[in-house]
Amino acid sequence: TRPYRARLGWAVVAMALYAVGSAGLAALIKTIFDNVLQDRSELGMVAWSIVGLNLLKGIGSYGSAYLMAWVGQKVVTDIRNALYSHILGQSASFFAERSTGELMSRINNDVGQVQQAEFLRALKCDLAQGFLLLSDLGNTTYLSAIDDSNAGQLFDDALDALVRWQLASRPGAL
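Cut-offs used in this document
- Residues numbered from 1 in each chain as written.
- Predicted model: local features only at pLDDT ≥ 70, side-chain atom pairs only at ≥ 80, totals over all residues.
- Heavy atoms only, no water.
- Helix = DSSP H or I, 4+ residues; strand = E, 2+ residues; numbered from the N terminus.
- Buried < 20%, exposed > 50% of the residue type's maximum accessible area, 1.4 Å probe, protein only.
- Areas by Shrake-Rupley, 256 points an atom, 1.4 Å probe, with all protein chains shown as cover.
- Phe/Tyr/Trp six-rings, centres within 6.5 Å; stacked < 30°, edge-to-face > 60°.
- Salt bridge = Lys/Arg side-chain N within 4 Å of Asp/Glu carboxyl O.
- Polar contact = N/O pair within 3.5 Å; in protein donor to acceptor, adjacent residues only side chain to side chain.
- Contact = heavy atoms within 4.5 Å.
- Patch = residues over 30% accessible without salt bridge, like charges linked within 9 Å, V, L, I, M, F, W, Y side chains within 5 Å.
- Axes fitted to C-alpha atoms, helices over the stretch in contact; angles between N-to-C directions.
- Parallel < 35°, antiparallel > 145°, perpendicular 65-115°, else oblique.
- Left-handed = near helix turned anticlockwise from the far one by under 90°.
- Nonpolar A, V, L, I, M, F, W, Y, C, P; charged D, E, K, R; others polar.

Draft legend 1. Up close: the overall build of the chain. The number of helices and strands found in the chain is seven helices and zero strands. Secondary structure elements of the chain, listed N to C terminal, follow the sequence α-α-α-α-α-α-α. Within the chain, the proportion of its 174 residues that are buried is 20%. Summed over its atoms, the accessible surface of the chain is roughly 12,300 Å², and 63% of this surface lies on carbon and sulfur atoms.

Draft legend 2. How the structure looks around the packing of aromatic side chains. In the structure shown here, the tally under the stated rule is three aromatic pairs. Relative to Tyr 66, the ring of Tyr 62 lies with its centre 6.2 Å away and its plane at 15 degrees, an arrangement referred to as stacked. With Tyr 62 and Tyr 66 both in helix α2 (residues 43-88), this residue pair falls four residues apart, about one helical turn. Tyr 62 gets classed as exposed once you look at its relative accessible area, which sits at 60%. Overall, the relative accessible area of 42% leaves Tyr 66 in the partly exposed class. Seen from their ring centres, Phe 94 and Phe 95 are 5.4 Å apart, and the 85 degrees between their planes marks the pair as edge-to-face.

Draft legend 3. Structural view of the pattern of salt bridges. Counted according to the given criterion, the structure contains one salt bridge. Across the pair Arg 98 and Glu 97 runs a salt bridge whose closest N-O atoms are separated by 3.6 Å. For Glu 97, a relative accessible area of 61% gives the class exposed.

Draft legend 4. Representation of the side chain of Ser 64 in the model. Take Ser 64: it is sitting in helix α2. A distance of 3.1 Å separates the side chain of Ser 64 from the backbone oxygen of Ser 61, its partner in a polar contact.

Draft legend 5. Just the environment of Leu 56, in detail. On the secondary structure map, Leu 56 appears in helix α2. What makes Leu 56 partly exposed here is its relative accessible area of 24%. Along the sequence, Leu 56 and Gly 24 sit 32 residues apart, while their C-alpha atoms lie 9.9 Å from each other. Apart from the residues lying within four places of it in its own chain, the contact partners of Leu 56 are Leu 17, Val 20 and Gly 21.

Draft legend 6. Representation of a nonpolar patch on the surface. Together, Trp 10, Val 13, Leu 17, Leu 55 and Ile 59 make up an exposed nonpolar region whose accessible area comes to about 500 Å². Going through the elements one at a time, α1 (5-39) and α2 are the ones with two or more residues in the nonpolar patch. For the nonpolar patch, the leading source of residues is α1, giving three residues. For Leu 55, the location among the structural elements is in helix α2. Relative accessible area serves as the criterion here: at 55%, Leu 55 is assigned to the exposed category.

Draft legend 7. Broad picture of the packing of α1 against α2. It is at 7 Å that the axes of α1 and α2 come closest, and there the two elements cross at 160 degrees. Relative to α2, α1 is oriented roughly antiparallel. When you trace α1 past α2, the crossing you get is left-handed. Classifying every residue of the contact of α1 with α2 by side-chain character gives 23 nonpolar, 10 polar and two charged.

Draft legend 8. Up close: the environment of Ile 87. Relative to the helices and strands, Ile 87 is located in helix α2. Setting aside its immediate chain neighbours within four residues, Ile 87 contacts Phe 95 and Ile 107.

Okay, here's the thing in structure tokens:
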């Protein structure tokens, strides 16, 4: 991962941009209901905000998808090149003991399985959803309702819900 850290970092930044755009759109709902639908005040600002936030989401989505795909392809290329170099450095007896078909099958199928691995796609989805969860927790009605008298109870309720949600998930499922 060392040669790809910068691109992975930029992919995380792009995912954060997507999350900010999504959270911003959710935050605009209050303004739409309170101002735009009531007396049409702030209509222009809200309209341009929707366009800008969707543009931000698009840039974030494209950037993260492109960068994660690029890293995935480069990792597979590096593995394939390392495998070819390793095989070419073997002795003549190595090639005498194995058929060409067996070696080709191993090279193509084993590296192909790495290429089909869902790790980077799952990482991208998990990171993006994690950012969205953080942004949602930052502007939902829970936080606007918290005060000194109910903070402990709301916090306990939220933790209980998260624990029940985790216990209800299936092992091995994302």
